[in-house]
Structures are given as structure tokens and as C-alpha cells.
Amino acid sequence: MNKKEIMMKALIVDDERHVREAIRLLVDWKAYGIESILEAQDAQTAIDIIEKERPQIIFTDMMMPGKLGTELLAWIQQHAPRTKTIVISGHDDFDFVRKTVMYGGIDYILKPIDPIQLNEAVSKAVASRKQEDEGSKQEQRKSIEINQLKPVYWNKMLTHLLDDPSYYSSIAETLHTEFGLPTGDLPCRVAVLATDTINPAIRSKFAGSEDLLYFSLLNICNEFVRKHNQGVAFRHNHGDIVVILWKQTEKGAALLDTMNNGIQRALGSRLEFGVGSERMLPAGFKQSYNEAILVLRQRNMRVVRPRIRCFDPNENPRQSTVHLSEYEDRLRFAIRSGKANPIKEAVQQWINQVEAMKYINIEQLELWGHEYGVIKARWLKELFGDSPVTLSLPSESAFFIVPLDQDGCLSLKQWGVELEEGLLHLSQLWVEHKRQDEHIIFDIVKYVDSHYADDLTLQNIAERFFLSREYISRKFKQQFQENLSDYIERIRMDKAKLLLLNPQYRIVQIADLVGYKDEKYFSKVFKKIEGVSPNEYRKHSK
């Protein structure tokens, strides 16, 4: 038997003990996957056991004290209709047989019990129950799949409606049937839940699963708006959680406040909503949505804010801004120092400047995030060039996740800490990279010094050290202020001058010993560098 199959329970109901014992002995329970055999001596006791234990198979007598077997069968059909019953009776009574069939009995077996007939009945009952269970599981799976797909379906449909109001005419009837949306043109109002300021404690409850968090928030929102067919909540393009209201839109803020109380009860914290103005559906749907988004983007992240904030066309906050690019040089020099204190001081100068700003909204934070991305790309090119080393770069969280304090306000202190940690990490990577660069270049110098007589080319060296020719050329020049090819020639000429002091070596031999196969080319290079030919150098050195 498959271990994954659920073990069954059976109940034997008979007022005669020896009959119950006979049934126990005659059935091969293990073969049918029945692990628990219960007993009752009357119908009422059987009913109590059925309600508590929910057996899948029941054997029952017809004539018992109290309720008859026919009454028990009728009760089972009403209260446990999927239970399979087998009647074992000492009465060959047509009415008993008829009621057994009427109440869904599997078989009617006369006493004394025939073991073969009994086991055949049990086999039939078990097979029937398993077939029904599998059918039920398939229905459950189908129902689960449908329930899982429905939110995805409505998310896509309502997102499409938000992007294209002309889509409304083709789904108006469906919206009416599913959500109770009144037919015809009607006012609507859109609210958007601010997901960027969700309390980190809430996120941690969902083990970092954003989809699960949003699914839970959608369920809570829909619990309130769909209760009286006032609207529907959906997820727009796997991003914003959008609530569209079409009933009592003038009381939208109050409904959202009640909804927020539900979110607090369920998750432990209230969230923020931006609310657009009342517009006509479908044409005004997107406009109301855009207004709700604008409300959220204009929030002042430096102060405690109302949780429900409605669009005000007269609100046009003016802000003075500072640009991160103005601090790029200070931050770059701090990174190049390779030390924590200069980085801390440079970051603090930036934070002090931001601290003077009384108004900071999401748009401003996004601008700084964009500036940081551009600046950092320049730093990486400047510090690491086309380094073949795979860099473990610091997190971008300092500019892409809004650090909040307990009141939901922008925490400049935490922001500074995160930025400082990221830049220190970058600085440490650069110091290590610089150290490795110097190590590699000096390894190349050692190799050249001991293999100057070989056929040394930039390509050969690049292949030996698994580096690009451009990388070696640039780094060598940065370290020694001369080209690698010039260094190789200088080393060869120095060795050649020593060999020229020994008159036993001919010029052709010396050329070969320092890496030149062509004596004429060697002489040409020697004269270019030393100003005299090899023979002239030898004469003057005597």
C-alpha cells in the first residue's frame, strides 16, 4: 500500500458481542488500509462515535435496542453521506434490504456471516470511498487552482482597465456580476497603498516574501470594500496595491481609515494611503489613480504624516534641493583614503546639508538615488577600470530603501549609517584591489627580469598571467611611469652592456643571449637607446 494513503477507520455496530468479534476476525483489515476498528452496541452509541471519529466504513445490524438499524442508516445518510455502510443482519426481510439500498448501503449480508462475501463487500466499500476521496481531492485542487488564479486574473483585468478605459465596455457586465459594480457611468475614487513605508517588522513576519505580504494586504483590503460591494482592491502590474471605490465615494477616507484599523489588527501597524479625487468611471479612473500616486510622491518624509491623505489640486510644495554630485569629490577622496574616519566625515557633511531641508519627498529621494547610481558608475570605472576581478559590490540600500524611524519619518541617522557602511565597503574593495594590482605588476617585473632572453611579447605575458594586454599596459605605466615594452628593452640593454665587457662573446652571441635573434636589429635598438653601436660601446669600455 502507498504510504501516502490515509489509513481508514471502521465501526462495527451490533448488540451481540460475538458478532462484533466475528467481523473483527473475518476481515483482512490491513489489506484494505483500515488501521482502526471501533465498536458500538447500539445505534445511539454509534452516532456519538461517528460524530467524533468520522469512520469511513460502518457495519451495522438491523435489530438493536433503541434505534433500529434503518434509523441509523437514515441518520448516516444525512450527517455522514460519504460513509460506506454494510448491513449484517439475521433477518431476511425485504423491507430491510430495500431501505439498505435506499440509504446507500454497499451490501446486505445475512448471518451466519460468509467470510468471502464479507471481504468482497469490504473491498467494494473501500474502493468506492477511495474513488470518492480522489474525486474530492481533484475538486479541491481544482477549487484551489481557481482561487489562486482568480486574483491574478482580476489583477490583469483591472490593470488593463486602468491603462485603457475603453476596455470598460467589454467587462462591465463581468464587473457587475463579480463585484456588484452598478451599470452605467458612475463616480469612482482611487486609493493607492504606500508600500515603500511598510514597517520592517511587518515585512519580517512574511520572511521576506513580498508576494505573500501583498496577497495578505489585498485580502484585508477586499474584506472591507467588497463587503457591501463598495469597490475592489487589486495589484497593479505586480507593484502598487490599488483600491477603487464606486459607492459612497465621499466617505472614501473614512472607509480607508476603517480598513487601516483592520490592517493594524492583523499585522500590527497602520499603513499610508494616497487618495485621488472623485472622477467618472471609466474615463476618470486613471486620472484619480495618478492623483493618488502624486499624493504619495509629494509626502514630506521628514514629518509625521496622516495615514490617509487626499489629493489637493492647490497643493504645490516648493522645495530647495541639494545635489549629491556637489559632494562627489569629497566622497571620492574619502574612498581613496581607505580609512573609516574620512568616509564618516564626508558622509556627515552630506547628512548635515540634508538635515537643513525641512521638506523631502519621494521624488527627491529618487533623484538622489539616480545621482548616486551615476556617480558610483564613474567611481567603479575610475577605481577598478576593466578589472577582471569579480567585485562584491556594497548594497545600494542607502539610496533605494527608505530608512524610517518609529514614527514612519525618514531617519537621517540610519541613512547616514547605511551610506557610510556602503562607501567603506567600496573603499576596502579598492584598497584590496590596488594591493592585488601592485602584486601582479611586480610579479610581471620578476618574470621579465628572469626571462628577458625569451621571446617576450605583451601578448605572451597577458596569456601567462590571464590578464588583458590593455590592463597590463595601463597598470604597468601607472606603477613605473614607463611602457612595459620600454622596460623589457632597457633590461635587455643592461644585460647586453655587461656581456659586452667580456671580449670572448661575439655580438651575434650577445644578441641571442639577451633575446634578439637578429644581430642587426639588436645593434639598431642598442644604438637607439645607448647612442652608440655595440662595437663602439665595447671599444670605449676597455
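Residue positions are counted from 1 within each chain, in the order its sequence is given. Per-residue local features of the predicted model are confined to residues with pLDDT of at least 70, and side-chain atom pairs are confined, for both listing and counting, to 80 or more; whole-chain, interface and lining totals are unaffected and use all residues. With hydrogens and water excluded, all non-hydrogen atoms of the structure serve as input to the side-chain values.

## Re the overall build of the protein chain
Defined as follows: Only runs of H or I of at least four residues qualify as helices and only runs of E of at least two qualify as strands under DSSP, and these elements are numbered from the N terminus. Based on C-alpha atoms, the radius of gyration is set beside the globule rule, defined as 2.2 Å times the residue count to the power 0.38. Throughout, a residue-residue contact means that at least one pair of heavy atoms, one from each residue, lies within 4.5 Å. Where accessible areas are quoted, they stem from the Shrake-Rupley method and a 1.4 Å probe; at the residue level, only the protein chains shown are allowed to cover.
When helices and strands are counted, the protein chain shows 21 helices and 11 strands. In terms of overall dimensions, the protein chain is more spread out than a globule: its C-alpha atoms have a radius of gyration of 43 Å, far above the 24 Å expected for 542 residues. Taken over the C-alpha atoms alone, the protein chain extends approximately 140 × 75 × 45 Å along its principal axes. Excluding contacts between residues fewer than 6 apart, the proportion of contacts in the protein chain whose partners are at least 24 apart in sequence is 66%. Within the structure as shown, the protein chain displays about 29,400 Å² of accessible surface, and the carbon and sulfur contribution to it stands at 51%.

## Points about the side chain of Asn222
Where we set the bar: Here a polar contact is recorded for every N or O atom pair within 3.5 Å, except that within protein the pair must consist of a potential hydrogen donor and a potential acceptor, and residues adjacent in sequence are included only if both atoms are side-chain atoms.
Mapped onto the secondary structure, Asn222 falls in helix H8 (residues 210-225). At 2.8 Å, the side chain of Asn222 forms a polar contact with the backbone nitrogen of Ala233.

## Observations regarding the packing of helix H11 (residues 328-337) against helix H13 (residues 362-384)
Counted only if it meets this: Axes here mean lines fitted to C-alpha atoms, for a helix over just the part in contact, with angles spanning 0 to 180 degrees between N-to-C directions. Any angle that falls under 35 degrees is termed roughly parallel, while one over 145 is termed roughly antiparallel, one within 65 to 115 roughly perpendicular, and all others oblique. By definition, turning the near helix anticlockwise from the far helix through less than a right angle yields a left-handed crossing, and turning it clockwise yields a right-handed one. Three categories are distinguished: nonpolar for Ala, Val, Leu, Ile, Met, Phe, Trp, Tyr, Cys and Pro, charged for Asp, Glu, Lys and Arg, and polar for the others, with Gly belonging to the last.
It is at 12 Å that the axes of H11 and H13 come closest, and there the two elements cross at 40 degrees. Here H13 runs oblique to H11, going by the angle between their axes. In this structure, H11 crosses over H13, and the sense of that crossing is right-handed. The segment H11 lies against H13, with Glu328, Leu331, Arg332, Ile335 and Arg336 engaging Ile375, Arg378, Trp379, Glu382 and Leu383. Along the lines of polarity and charge, the residues of the contact of H11 with H13 split into five nonpolar, no polar and five charged.

## Here's the deal with the confidence of the model for the protein chain
Put simply, the rule reads: As a per-residue quantity, pLDDT reports the predictor's confidence and falls between 0 and 100.
With 92% of its residues at a pLDDT of 70 or more, the protein chain shows a mean pLDDT of 86. Across the protein chain, the element-wise mean pLDDT spans from 52 in helix H14 (residues 397-400) up to 96 in strand E9 (residues 273-275). The model gives residues 388-395 a pLDDT under 50, and that stretch makes 15 contacts with residues more than four places away or in other chains.

## As for the state of the cysteines
Here is the rule: Only a pair of cysteine sulfur atoms within 2.5 Å counts as a disulfide in this structure description.
Applying the stated criterion across every chain yields a total of zero disulfides. Distance from the sulfur of Cys310, which forms no disulfide, to the nearest cysteine sulfur (Cys188) is 14 Å. Of all cysteine sulfurs, the one in Cys310 lies closest to Cys409, which takes part in no disulfide; the gap is 20 Å.

## Considerations on the pairing of strand E2 (residues 34-40)
We apply this condition: We treat two strands as partners when DSSP finds at least two bridges between them. Call a crossover right-handed when, viewed with both strands pointing away from you, the route from the first strand across the helix to the second goes clockwise.
Of the strand pairs in this sheet, strand E1 (residues 8-13) and E2 are connected by six bridges, and their pairing is parallel. Bridge pairing links Leu11 to Leu38 in E2. In this view, the connection linking E1 to its parallel neighbour E2 by way of helix H1 (residues 17-26) has right-handed handedness.

## Here's the deal with the sheet that holds strand E4 (residues 84-89)
Taken in spatial order, the five strands of this open sheet run E2-E1-E3-E4-E5, and their pairing is parallel. The sheet is open, and its two edges are formed by E2 and strand E5 (107-110), each paired on a single side. Recorded for the sheet is a direction-independent mean angle of 20 degrees between the axes of neighbouring strands. Note: E1 against strand E3 (residues 57-60), four bridges, orientation parallel. Among the inter-strand pairings, Val13 is bridged to a residue of E3, identified as Thr60. The strands that H1 touches are E1, E2, E3 and E4; relative to E2, the one it contacts most, it runs at about 170 degrees.

## Examining the pairing of E5
The pairing of E4 with E5 spans four bridges and is parallel. Its bridge partner lying in E5, Ile86 is registered against Asp107. Regarding the hand of the β-α-β motif, the stretch spanning E4, helix H4 (residues 94-102) and E5 is right-handed.

## Examining helix H18 (residues 484-500)
Residues spaced three or four apart along an α-helix point in a common direction, a consequence of the helix completing one turn every 3.6 residues. Stated formally: Multiply 1.5 Å by the residue count of a helix minus one, and that product is the helix's expected span. Partly exposed residues are those whose accessible area sits between 20% and 50% of the maximum for their type, while under 20% is buried and over 50% is exposed, using a 1.4 Å probe and protein chains only.
Here H18 contains 17 residues, and its C-alpha end-to-end distance of 24 Å stays within 8% of the 24 Å for a straight helix at 1.5 Å per residue. Every buried residue belonging to H18 is among Leu484, Tyr487, Ile488, Ile491, Arg492, Met493, Ala496, Lys497 and Leu500, and all of these are buried.

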